Amino acid sequence: MKLNITWRIVIGMVLGIITGYFIHESYIFSPEAGPNFALLSKVFLRLIKMIIGPLVFSMLVVGIAKLGDFKQVGRIGAKTLGYFYLATILSLIVGLLVVNVMKPGEVMNLKLPEQGTDTGIEAKKLTLQGFLEHVFPQSFAEALATNEILQIVVFSIFFGIAVGAIGEKGKILVKALDAVSHVMFKIVGYVMQFAPFGVFGAITAVVAREGLGIFVGYAYLIFSFFLGLFFFIFIVLWVICIIAKVPFLPLMRVIREALLLSFSTASSEASMPQTIEALEKFGCPPRIISFVLPLGYSFNLDGSMLYMTFATAFIAQAYHMPLTLTQQITMMLTLLVTSKGIAGVPRASLVIIAGTMSLFNLPGEGLALLLGIDQILDMGRSATSVAGNAVATCVVSRWEGEADFSTQHHLSEKV
């Protein structure tokens, strides 16, 4: 019997843990072999990123051109951003609740990094100019080349409205781009055959570098953070789905492969094509998916939002400098603004955390407490962000009155 992609990814993860352990303990391979395995993951992620730009552009232009109404695009955009800010507030609150209840910084009593320790993370101050430059492209080709999803979305909106406005002549482009999107999905099928090897390489590299001991020393912190992620997914998102009349468990079953892929590669982008396909099968219209999902990768990173409040408060606890309620509320409101549009920033979460810590005079060296396990935590927050964006797409589809979840039970069993 041929194994489906889910089982092959799981097998890749298990083999990665075993191989990484042997490398770390130097039983078979040289310890220097670990980074070489990471090349498998890098190749897979580069192949995925190769697809995302053309896929988002073609799908979004086709969807908007068929709408042919700027007011409808504006209405969908307003609903989408409204939901994103609601989800962001909820994820920031959950991060604070978990860290205040579990108190990992106090319970673990970790050895603090020496003063002046270089973390390699530079705090960046958000400016209006920097934010606008990140949103609006000066060149569409540059946006595609650098995989700036938000800039691709902005250009696609203008292009799609223009295509719809020229009538019959535009239909030629619509048919061509519709064919392009189908070609991209075909390429996705080819690339996904390499996914288990990419997962194997990613897990091997992490375990080879850190060893299984990292899970023991930081077990309570990892447990606390993942408890927060589970609470957000299975309580907060589930309640949102109940209110919006979206079948939550069938949705989770449909996107389970996307969740597993994002978790194992620590990249939410890795599963974007899969998430698009799953949501289409689930009953969301392509034009809503192509609009909401790409925006979500810049404005609705629920896992990263939760991590920012959790990590900042954890470091404060570790240094016995607990934040007051007023400080925590201030931090939450600050992150609500500074965290938007960060997807293109390398190690974005840590960069924003470093900037937030400076606001409360927390030692910058404290980030060193998280660097060793950041990859492990990133696995959880990447999968959570995928779940959050899938729910966002379904909710906006329901608000627009275009969701067709009538066949979701049948589909969730097949997928």
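Residues numbered from 1 in each chain as written. Predicted model: local features only at pLDDT ≥ 70, side-chain atom pairs only at ≥ 80, totals over all residues. Heavy atoms only, no water.

- Looking at an unreviewed UniProt entry, one finds the protein chain named Dicarboxylate/amino acid:cation symporter, with Xanthocytophaga flava as its source organism.
- Under the UniProt heading Subcellular location (unreviewed entry), the note attached to the protein chain is "Cell membrane". (UniProt positions renumbered as here; feature names shortened; annotations may be inferred.)

## A look at the nonpolar core
- Membership of the largest hydrophobic core comes to 132 residues, with the highest contact counts inside it found for Phe-44, Tyr-83, Leu-237, Leu-251, Met-252 and Val-391.
- Setting aside residues up to four positions removed in sequence, Leu-251 forms contacts with Val-246, Leu-279, Phe-282, Ala-390, Val-391 and Cys-394. (Core = buried A, V, L, I, M, F, W, Y, C linked by side-chain atoms within 4.5 Å. Buried < 20%, exposed > 50% of the residue type's maximum accessible area, 1.4 Å probe, protein only. Contact = heavy atoms within 4.5 Å.)

## Regarding the environment of Ile-9
- Inspection of the secondary structure assignment puts Ile-9 in helix α1 (residues 5–24).
- For Ile-9, a relative accessible area of 0% corresponds to the buried category.
- Sequence separation of Ile-9 and Phe-200 is 191 residues, and the distance between their C-alpha atoms is 8.0 Å.
- Dropping the residues within four chain positions of it, Ile-9 is found in contact with Pro-196, Val-199, Leu-260, Leu-261 and Ser-264. (Helix = DSSP H or I, 4+ residues; strand = E, 2+ residues; numbered from the N terminus.)

## Focus on the pattern of salt bridges
- According to the stated counting rule, one finds five salt bridges in the structure shown.
- Across the pair Lys-171 and Glu-168 runs a salt bridge, and its minimum N-O distance is 2.9 Å. Of the two residues, Lys-171 and Glu-168 are both situated in helix α8 (residues 168–192); the distance of three residues between them amounts to about one turn of the helix.
- The shortest N-O distance in the salt bridge between Asp-374 and Arg-381 comes to 3.0 Å. For the pair Asp-374 and Arg-381, a shared accessibility class is recorded, and that class is buried.
- In this structure, a network of salt bridges that share partners links the residues Arg-75, Lys-79 and Glu-400. (Salt bridge = Lys/Arg side-chain N within 4 Å of Asp/Glu carboxyl O.)

## Points about α1
- In this model, α1 (20 residues) spans 28 Å end to end at C-alpha, consistent with the 28 Å of a helix rising 1.5 Å per residue.
- Ile-5, Thr-6, Ile-9, Gly-12, Met-13, Gly-16, Thr-19, Gly-20 and Ile-23 are the residues of α1 that are buried. The buried residues of α1 occupy an angular sector of 155° when the element is viewed end-on, so they sit on one face.
- For α1, the capping residue at the N-terminal end is Asn-4, with a side-chain oxygen 3.2 Å from the backbone nitrogen of Thr-6. (Expected span 1.5 Å × (residues − 1). Arc of directions from axis to C-beta. Polar contact = N/O pair within 3.5 Å; in protein donor to acceptor, adjacent residues only side chain to side chain.)

## Things to note about the packing of helix α16 (residues 302–318) against helix α20 (residues 374–399)
- Put simply, α16 and α20 touch, their axes get as near as 6 Å, and they point 130° apart. The angle between the axes of α16 and α20 places the two elements in the oblique class. Judged by residue contacts, Asp-302, Gly-303, Ser-304 and Tyr-307 of α16 engage Asp-374, Leu-377, Arg-381, Thr-384, Ser-385 and Gly-388 from α20.
- In the contact of α16 with α20, the residues fall into two nonpolar, five polar and three charged. (Axes fitted to C-alpha atoms, helices over the stretch in contact; angles between N-to-C directions. Parallel < 35°, antiparallel > 145°, perpendicular 65-115°, else oblique. Nonpolar A, V, L, I, M, F, W, Y, C, P; charged D, E, K, R; others polar.)

## Points about the environment of Gln-72
- One can find Gln-72 in helix α3 (residues 70–102).
- Note on Gln-72: relative accessible area 23%, which makes it partly exposed.
- It is 9.8 Å that separates the C-alpha atoms of Gln-72 and Glu-400, two residues lying 328 residues apart in sequence.

## Brief notes about the packing of aromatic side chains
- Tallied over the full model, the rule gives 17 aromatic pairs.
- Their ring planes at 90° and their centres at 6.1 Å tell us that Phe-225 and Phe-226 sit as a pair that is edge-to-face.
- For Phe-226, a relative accessible area of 17% corresponds to the buried category.
- Ring centres of Phe-230 and Phe-234 lie 5.9 Å apart, and the angle between their planes is 15°; on these two criteria the pair is classed as stacked. Here Phe-230 and its partner Phe-234 are both found in helix α11 (residues 219–244), four residues apart, which amounts to about one turn of the helix.
- The rings of Phe-225, Phe-226, Phe-263, Tyr-307 and Phe-310 are connected pair by pair, giving a single aromatic cluster. (Phe/Tyr/Trp six-rings, centres within 6.5 Å; stacked < 30°, edge-to-face > 60°.)

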